[in-house]
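What follows is each chain in one-letter form.
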Amino acid sequence: MKRRYKLLLALLVLIGVPYYWLLIDNRPGDGPGAQLDIAELRRLAESIPGPKPEAVAVQTVGWRRVPGTLFVAGGGLKRNLLTIQAGLLSGPWGEIVIDGGFGAQDAEEFGLEAFRPDHQARVDAAMRRARRIVFTHEHLDHIGGLLRLPDFAQVAPKALITPEQMRGNRWADGLPWPRGARESLRAFRYSGMTAIAPGVVLIRTPGHTPGSQMVYARLADGREALFAGDTATMERSWRQVRARSRLVGDLMVGEDRAAVFAWLKAVNRLHRENPELIVIAGHDEEALRFAKPPPGIAFEFPAP
Ligand SMILES: [Zn+2]
């Protein structure tokens, strides 16, 4: 081989192998995945008597565009809209807020292209009205909205924050907790799955972070929704079983990739077996809203 070709080959390997490894590699492994059993979720959804939620809403508070493959390994370089969003279940029992958006100061630090204080104000108002507040995980773009509330001390007691979301890992410990907050709040402990309201079930899904969980809801009219959090950042994550790129998942987040794959397989299977289930990815309002929007979801929280 001529020297010139050897050099070219060496360059290809030097650039190509890390490129593949860091941005494209998406081998989910042969394992069967984790278990999410719809019968058990439905049973738990019935375990607290009372009226089930009647409405689901998703509120985007800000966004940025990033190359798809960063959050959906092998998903191409085309930029995807990544929305920072909160969820809301409402009905006669009361409202449940799922993730609290962002504080304005944190949105700037996160490099969002757009942050809408008027939209965040709707989320803040919902947290103040809510009977319960839960978080899909202990990242700033999910829990920051609560921590930055000026009236945090009044609102926080309604939040069910798990021990892993509160302390003991670099994410929880790095959050801007108000002074004395963690000492005064009692962590919400459960193992596996637990109902927190009529029709509403928390599912522990550690992997993306130690405190990651999903929220399953069975509505009064029989519709079912699953807030998947950042285990599935984008809709393609769970539909195609694609984890984050290693650049983001391994190097930046330090997540348990095998566990994330196991949960993605579980969500994928749950949806295949129950095609009516509305799966709400952590940051993908675009796919939820514009491709084939599930009936009856609002994309705005009530005005404060
Ligand atoms: Zn997130």
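Nothing here was measured: the structure is a model prediction, and the numbers come from that model. (Residues numbered from 1 in each chain as written. Predicted model: local features only at pLDDT ≥ 70, side-chain atom pairs only at ≥ 80, totals over all residues. Heavy atoms only, no water.)

The grouping of Tyr19, Tyr20, Trp21, Ile24 and Leu77 at the surface amounts to a nonpolar patch, some 490 Å² of accessible area in total. In this fold, leucine 77 is placed in the loop between helix H3 (68-71) and strand S2 (79-90). (Patch = residues over 30% accessible without salt bridge, like charges linked within 9 Å, V, L, I, M, F, W, Y side chains within 5 Å. Areas by Shrake-Rupley, 256 points an atom, 1.4 Å probe, with all protein chains shown as cover. Salt bridge = Lys/Arg side-chain N within 4 Å of Asp/Glu carboxyl O. Helix = DSSP H or I, 4+ residues; strand = E, 2+ residues; numbered from the N terminus.)

Let us look at the packing of aromatic side chains. Tallied over the entire structure, the rule returns two aromatic pairs. Centre to centre, the rings of phenylalanine 102 and phenylalanine 110 are 4.9 Å apart; their planes meet at 75°, and the pair counts as edge-to-face. Considering the side-chain rings of phenylalanine 188 and tyrosine 190, the 5.9 Å spacing of their centres and the 40° angle between planes classify their relative orientation as tilted. With a relative accessible area of 22%, phenylalanine 188 lands in the partly exposed category. Judged by relative accessible area, tyrosine 190 falls into the buried class, the value being 10%. Just above the ring of tyrosine 190 sits the side chain of arginine 204; from NZ or CZ to the centre is 5.8 Å. The ring of tryptophan 21 has arginine 246 sitting right over it, with the charged end atom 3.8 Å from the ring centre. (Phe/Tyr/Trp six-rings, centres within 6.5 Å; stacked < 30°, edge-to-face > 60°. Buried < 20%, exposed > 50% of the residue type's maximum accessible area, 1.4 Å probe, protein only. Lys NZ or Arg CZ within 6 Å of the ring centre and 35° of its normal.)

With 32 residues, the main nonpolar core has Met127, Ile133, Leu146, Ile161 and Trp177 as its most contacted residues. Tallying contributions element by element places helix H6 (residues 140-147) first for this core, with four residues. Here leucine 146 is in contact with Gly100, Met127, Ile133, Phe135, Phe152, Val155, Ala156, Ala159 and Ile161, once residues within four sequence places are set aside. Core analysis: the second largest hydrophobic core is formed by 26 residues, Leu36, Leu41, Ala45 and Val241 among them. (Core = buried A, V, L, I, M, F, W, Y, C linked by side-chain atoms within 4.5 Å. Contact = heavy atoms within 4.5 Å.)

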